[in-house]
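Spelled out from the first residue to the last, the chains are:
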Amino acid sequence: MAGCSTAPKTDIYTYRSTVGGPGMDLIVDNELDSGDKPTELVWLNATRLREGPWEAKYYLEVRYQALPQTGYLDIGPGESLVLTVDGQTMKLSGAGSLNERRETAGTLVEHALYGVTPDDLRRIARAKEVKVDIIGSQRTVHREFNQANIEKVRTFVLTYMGF
């Protein structure tokens, strides 16, 4: 319809605590392509955790979901997320998924957080190609960003920190 517009669909949300906790801005549902018949799914989401009026901490969150017969990836502490951004390697360390594993609705789910800088997120947002390796004790999972994944990160960066 002429003259009417709607806001673009987004997977970026803001949460503000009403009881005094920090506000958060996040990308949710940034699922990486797992092919036609996957036995495991992977998301790489981003979070900005506010610290006062001007400061923030930034994180990438791996969400791994698999069928019970596939098993947990078992992401350990340390350097377990490797991104190759336009040919340049970014090795990220985190606490692993030990305290973030559960079975829900017949699938196994685990989460791992990785601290990143605003410049790390800007590199991903400007990229033409992003490859993801998640290193677990059981195996390593490889994925690649498609254009929609890059656009979600780009929108997050433009909305919350700017290029």
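Criteria and thresholds
All residue numbers here refer to positions counted from 1 along the written sequence of the relevant chain. The predicted origin of the model limits local features to residues at a pLDDT of at least 70 and limits the giving and counting of side-chain atom pairs to 80 or more, whereas totals for whole chains, interfaces and linings rest on all residues. Think of the side-chain values as coming from all heavy atoms in the structure, minus any hydrogens and water. The helix and strand labels rest on DSSP assignments: H or I over at least four residues marks a helix, E over at least two residues marks a strand, and numbering proceeds from the N terminus. Only protein chains enter the calculation, and the probe is 1.4 Å; a residue is then buried if its accessible area is under 20% of its type maximum, exposed if over 50%, and partly exposed in between. Contacts were defined at the residue level, with two residues in contact if any of their heavy atoms lie within 4.5 Å. Note on areas: these come from Shrake-Rupley sampling with a 1.4 Å probe, and a residue is covered only by the protein chains present in the view. Stacked, edge-to-face and tilted labels apply to pairs of Phe, Tyr and Trp rings (six-membered ring for Trp) whose centres lie within 6.5 Å, assigned for plane angles under 30 degrees, over 60, and everything in between, in that order. Whether a charge sits over a ring comes down to the Lys NZ or Arg CZ being within 6 Å of the ring centre and within 35 degrees of the ring normal. Put simply, a patch holds well-exposed residues, over 30% relative accessible area, that have no salt bridge, with like charges counted together within 9 Å and Val, Leu, Ile, Met, Phe, Trp or Tyr side chains within 5 Å. A pair is scored as a salt bridge if a Lys or Arg side-chain nitrogen falls within 4 Å of a carboxyl oxygen belonging to Asp or Glu. When charges are counted, Lys and Arg contribute as positive and Asp and Glu as negative, whereas His and the chain ends are disregarded. By convention, charge coordinates are those of NZ in Lys, CZ in Arg, CG in Asp, or CD in Glu. When DSSP finds at least two bridges between two strands, those strands are taken to pair. For every residue, the predictor assigns a confidence score, pLDDT, that lies between 0 and 100. Angles here are taken between N-to-C directions and fall from 0 to 180 degrees, while the axes themselves are lines fitted to C-alpha atoms, restricted in helices to the stretch in contact. What sets the label is the angle itself: under 35 degrees gives roughly parallel, over 145 gives roughly antiparallel, 65 to 115 gives roughly perpendicular, and the rest give oblique. Two helices that cross are described as forming a left-handed crossing if the nearer one is turned anticlockwise from the farther one by less than a right angle, and a right-handed crossing if clockwise. Throughout, the ten residues Ala, Val, Leu, Ile, Met, Phe, Trp, Tyr, Cys and Pro are labelled nonpolar, Asp, Glu, Lys and Arg are labelled charged, and all others, Gly among them, are labelled polar.

This paragraph deals with the overall build of the protein chain. What the protein chain contains, in helices and strands, is 2 helices and 11 strands. With 163 residues in all, the protein chain has 42% of them scored as buried. The contacts of the protein chain with a sequence gap of at least 6 include a subset with a gap of at least 24, amounting to 57%. If you sum the accessible surface of the protein chain, you get close to 9300 Å²; carbon and sulfur atoms cover 51% of it.

Before going further, it helps to examine the environment of Lys-128. Its location among the elements puts Lys-128 in the loop between α1 (118-126) and β10 (130-135). On the basis of relative accessibility, which here comes to 74%, the residue Lys-128 falls in the exposed class. When sequence neighbours within four positions are dropped, the list of residues in contact with Lys-128 reads Asp-86 and Ile-150.

Before going further, it helps to examine the packing of aromatic side chains. Within the structure shown, the criterion is met by 1 aromatic pair. Judged by centre distance (5.2 Å) and plane angle (65°), the rings of Phe-156 and Tyr-160 are edge-to-face. Taken together, the positions of Phe-156 and Tyr-160, both in helix α2 (residues 147-160) and 4 residues apart, correspond to about one turn of that helix. With respect to class, Phe-156 is no different from Tyr-160; both count as buried. A cation over an aromatic ring shows up here: Arg-63 above the ring of Trp-43, its NZ or CZ 4.6 Å from the ring centre.

Moving on, we get to a negative patch on the surface. Together, Asp-29, Glu-31, Asp-33 and Asp-36 line one region of the surface with negative charge. Tracing the backbone shows Glu-31 in strand β3 (residues 31-32). Using a relative accessible area of 34% as the deciding quantity, one classes Glu-31 as partly exposed.

Moving on to the pairing of β10. For a regular strand, the rule is simple: side chains alternate between the two faces of the sheet. A one-sided burial pattern is seen for β10, the buried positions being Val-130, Val-132 and Ile-134 and the unburied ones Lys-131, Asp-133 and Ile-135. Relative to β10, strand β6 (residues 78-85) runs antiparallel, the two sharing 5 bridges. Pairing of Val-85 across the sheet is with Val-130, part of β10. Pairing of β10 with strand β11 (residues 140-144), which is carried by 5 bridges, proceeds in the antiparallel orientation. If you follow Ile-134 over to β11, its bridge partner there is Val-141.

Predicted confidence across the protein chain gives a mean pLDDT of 88, with 87% of residues reaching 70 or more. Predicted confidence for residues 1-8 stays below pLDDT 50, and this span has 0 contacts to residues more than four positions away or in other chains.

This part covers the packing of α1 against α2. Two elements in contact, α1 and α2, have axes separated by 8 Å at closest approach and are oriented at 135°. Taken together, the axes of α1 and α2 are oblique relative to one another. α1 and α2 meet at a crossing whose hand is left-handed. Contact with α1, carried on its side by Leu-121, Arg-122, Ile-124, Ala-125 and Arg-126, involves Ile-150, Val-153, Arg-154, Phe-156 and Val-157 of α2 and no other residues of that element. Counted by class, the contact of α1 with α2 contains 7 nonpolar, no polar and 3 charged residues.

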